[in-house]
Each structure stands twice: as structure tokens, then as C-alpha cells.
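# Observations on the three-dimensional arrangement
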Amino acid sequence: MGKLNGKVAIVTGASRGIGKAVAIGFAREGARVVIAARSVTPPKSGLPGTIIETADEIKAFGGKALPIKTNVLVEEEVLAMVQTVLDEWGRVDILVNNAAVAAPGPFVETTTKLWNLVLGVNVLGTFLGTKAVLPTMMKQRSGSIINTTSVAGASRLRELTGIAYGTAKAAIEHFTCAAAAELGEYNIAVNCYRPAQGVASEGWVFNLPADYDKSQLVGPEKMVKAAIFLAQQDAKGVSGCVASDEELIQWHGLAD
Ligand SMILES: NC(=O)c1ccc[n+]([C@@H]2O[C@H](COP(=O)([O-])OP(=O)(O)OC[C@H]3O[C@@H](n4cnc5c(N)ncnc54)[C@H](OP(=O)(O)O)[C@@H]3O)[C@@H](O)[C@H]2O)c1
């Protein structure tokens, strides 16, 4: 019996990286999973991964997956994605706001366009995704919203991720606690997690400087374990929590 049997989950940014691993992990636990990101065909940048490939990997082991092309910056697309999920599966239990971009480089080289893109995908994307699932979760009187932060939200990684990214992640942490405070009365949990150690996702590795020591990077397994735990919460469980994957695993005895 899977931990997420009967649940419907949306994972944004699931065409590659941590989002893809979380989507697969949810499906292995019995959830029906919506794969929401922009890439339907391999992007010109050379980054691997599409929503179709993630969905196909899930279907290959008998899981249920629905790829829906979604740009989290565009409210109409986010609303249409959620409507498609409701038409297909009738409910939404879990939303993982995982989609992100960073803009590495010094502050003085951060253009307004890059600032708006990074704040947009991270913060506006988290706001729009959450807003779009709320009417359904409020009606259901249950739900789990999982936001994604980074050590950059509270520390100075400077040029490695860029000033816009850390600012965006700090905003997501505030958003999480503020939303948890308001949504408890509807029995909706809102939490925020981050990798304790850098994860060798396709996007992160692509962005790293050539001389960066990649030997410290890890796989997404701890993020997947933490996400499965958070996905099982409602407001009567854990809510308003901002923690790393390793902290969640230690605090809640998830180490196996
Ligand atoms: N990797 C790490 O070490 C690390 C550390 C700290 C925090 N994090 C956080 O963990 C999460 C996942 O990171 P990752 O390293 O796995 O990233 P990644 O490999 O770069 O993947 C990012 C995902 O976001 C999607 N995305 C980007 N812009 C989008 C948009 N406008 N609309 C919809 N989807 C969009 C991408 O899909 P498309 O291009 O197909 O749209 C892709 O699936 C992020 O929130 C990141 O900030 C990661």
C-alpha cells in the first residue's frame, strides 16, 4: 500500500532534476501525478528532460502520470492546467511548487530582465500555483502545498546563484509561513523544504562554473523522501515548517 494512494499531486518543474525525481517518487507511492513544466521537446539550450519523458518513465512502471505543458509565469496557463487536472482526476491533494531558475553572476551584472525572470518563476510561480489549487483544496478541506527553497534564502552564496535567487527564496520562505497561518482553518498544510547539500540536477550542474568541485553534489533521494513526508500532511500535521531534507528526515524519523 503506497503512502500516497488515491492522492492527486501536481509537481511544477518536473521535466528534469529534483522535480522529476519527486514526481516519480510520488507515483511509486501510488499518487496520480501531474508533470507541469514548459519542455515538451528537448530545449535548444541542450538541457535534457521533457514532461513527456517524465510521464513515460512513470507509466513504464505502471504509475499514473499526466504531462501538462505549463509556464508557471502565466496565470492563464496555471489555471488551465489545474482545470485539466480537475476534469481528468476530479481533485488536487498535493502541489509541489518546485519550478525555478537562478541567475548566477555578480549583482552589477544582474539586469532588470533577469531579476524579473528569477523573482517571477520562483515567487510569482509559487503564488500562482498555490492560488490556483486553493478553491479545490478549500472545498476538500484538505491539502498539502510544498514550496522549495535553498540555503541561498538565508545565506550569501553571492555570484554562485546570484542576488535575485536568494531574494526569491527568502520571499518563498515568508510566503510559506504566511500562507500556513491563513490556510490552517481549511486544513491545508503549507511547508517549505530545501536540499541540505547541493543536488546534481541537470539545471544546477549546467549552471555551475567549470572549476566548481562537483564531488560534493548528491542525488535527489533525500528530497524525494522529505517530499513524500510533507505530501502526507494536512494542517493537523506539520505546517508552516521551513527545513532541509536532512532535518525533516532526522526530526520525523524517516531514515528507515
Ligand atoms: N539542485 C540543487 O542543488 C538545489 C539547491 C537548492 C534549491 N534547489 C531548488 O530545487 C528546485 C529544483 O531544482 P533543480 O536543481 O532540480 O532545477 P533544474 O534541474 O534546473 O529544473 C528546474 C525545473 O523548473 C522548470 N521551469 C523553469 N522555468 C519554468 C517556468 N517558467 N514554468 C514552468 N517550469 C519551469 C524546468 O522545466 P522547463 O525548462 O521544462 O520549463 C525544470 O523542470 C528549485 O526550486 C531549486 O531552486 C535546488
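In what follows, the structure referred to is the one given above.
Residues numbered from 1 in each chain as written. Predicted model: local features only at pLDDT ≥ 70, side-chain atom pairs only at ≥ 80, totals over all residues. Heavy atoms only, no water.

### Concerning the pattern of salt bridges
Note the threshold: Put simply, a salt bridge is a Lys or Arg side-chain nitrogen that is within 4 Å of an Asp or Glu carboxyl oxygen. Runs of E in the DSSP output that reach at least two residues are strands. Runs of H or I that reach at least four are helices, and both are numbered from the N terminus. Throughout, exposure labels follow a simple rule: accessible area from a 1.4 Å probe, protein chains only, divided by the maximum for the residue type, with under 20% read as buried, over 50% as exposed, and the rest as partly exposed.
Under the definition given, this model contains six salt bridges. Among the ionic pairs, glutamate 247 bridges to arginine 194, the shortest N-O distance being 3.5 Å. You can see glutamate 247 sitting in helix H8 (residues 245-251) and its partner arginine 194 sitting in strand S6 (residues 188-194), a full 53 residues away along the chain. Looking at glutamate 247, the relative accessible area reads 26%, which means it is partly exposed. The partner of lysine 225 in a salt bridge is aspartate 256, and the shortest N-O contact between them spans 3.0 Å.

### Looking at the layout of surface pockets
Defined as follows: Put plainly, a pocket is an open set of points on a 1 Å grid over the protein atoms alone with protein on both sides within 12 Å along at least five of seven lines, a cavity is a set where a 1.4 Å probe fits but cannot get out, and a lining residue has an atom within 4 Å of a point. Grid points are joined across faces, edges and corners, and a volume is the space filled by probe spheres set on the points. As a working rule, the residues Ala, Val, Leu, Ile, Met, Phe, Trp, Tyr, Cys and Pro are called nonpolar, Asp, Glu, Lys and Arg charged, and the rest polar, with Gly in that last group.
Volume-wise, the largest pocket comes out at about 1,300 Å³. Contributions of two or more residues to the lining of the largest pocket are made by helix H1 (17-28), strand S2 (32-37), helix H4 (112-140), helix H5 (163-183) and helix H6 (202-207). The residue makeup of the lining of the largest pocket, split by class, is 25 nonpolar, 19 polar and three charged. Counted as a void, the second largest pocket has a volume near 320 Å³. Along the wall of the second largest pocket there are 15 residues; nearest its centre are Lys3, Glu29, Val224, Lys225 and Ile228. Breaking the lining of the second largest pocket down by element, the ones donating at least two residues are H1 and helix H7 (221-231). A total of five residues in the lining of the second largest pocket trace back to one element, the largest contributor, which is H7.

### A look at empty space enclosed by the protein
Applying the stated criterion across every chain, the model contains one cavity of 30 Å³ or more. Taken as a whole, the largest cavity holds about 40 Å³ of empty space. Residue lining of the largest cavity: Thr12, Val72, Val78, Met81, Val82, Leu95, Gly125, Leu128 and Gly129, and that is the complete set. Of the residues belonging to the lining of the largest cavity, the class tally is six nonpolar, three polar and no charged.

### Some details on the pairing of strand S4 (residues 94-97)
Quick reminder of the rule: Pairing between strands is defined by DSSP: at least two bridges between the two strands are required. A clockwise course of the path from the first strand over the helix to the second, judged with the strands pointing away from the viewer, identifies a crossover as right-handed.
Of the two faces of S4, both are covered, the one formed by Ile94 and Val96 as well as the one formed by Leu95 and Asn97. Here three bridges tie strand S1 (residues 8-12) to S4, and the two strands are oriented parallel to one another. For alanine 9, the partnering residue across the bridge sits in S4 and is isoleucine 94. Pairing analysis gives four bridges linking S4 to strand S5 (residues 143-148), with the strands arranged parallel. Across the sheet, leucine 95 pairs through a bridge with isoleucine 145, a residue of S5. Handedness of the crossover is the feature at issue here: the chain leaves S4, passes through H4, returns alongside S5, and the resulting connection is right-handed.

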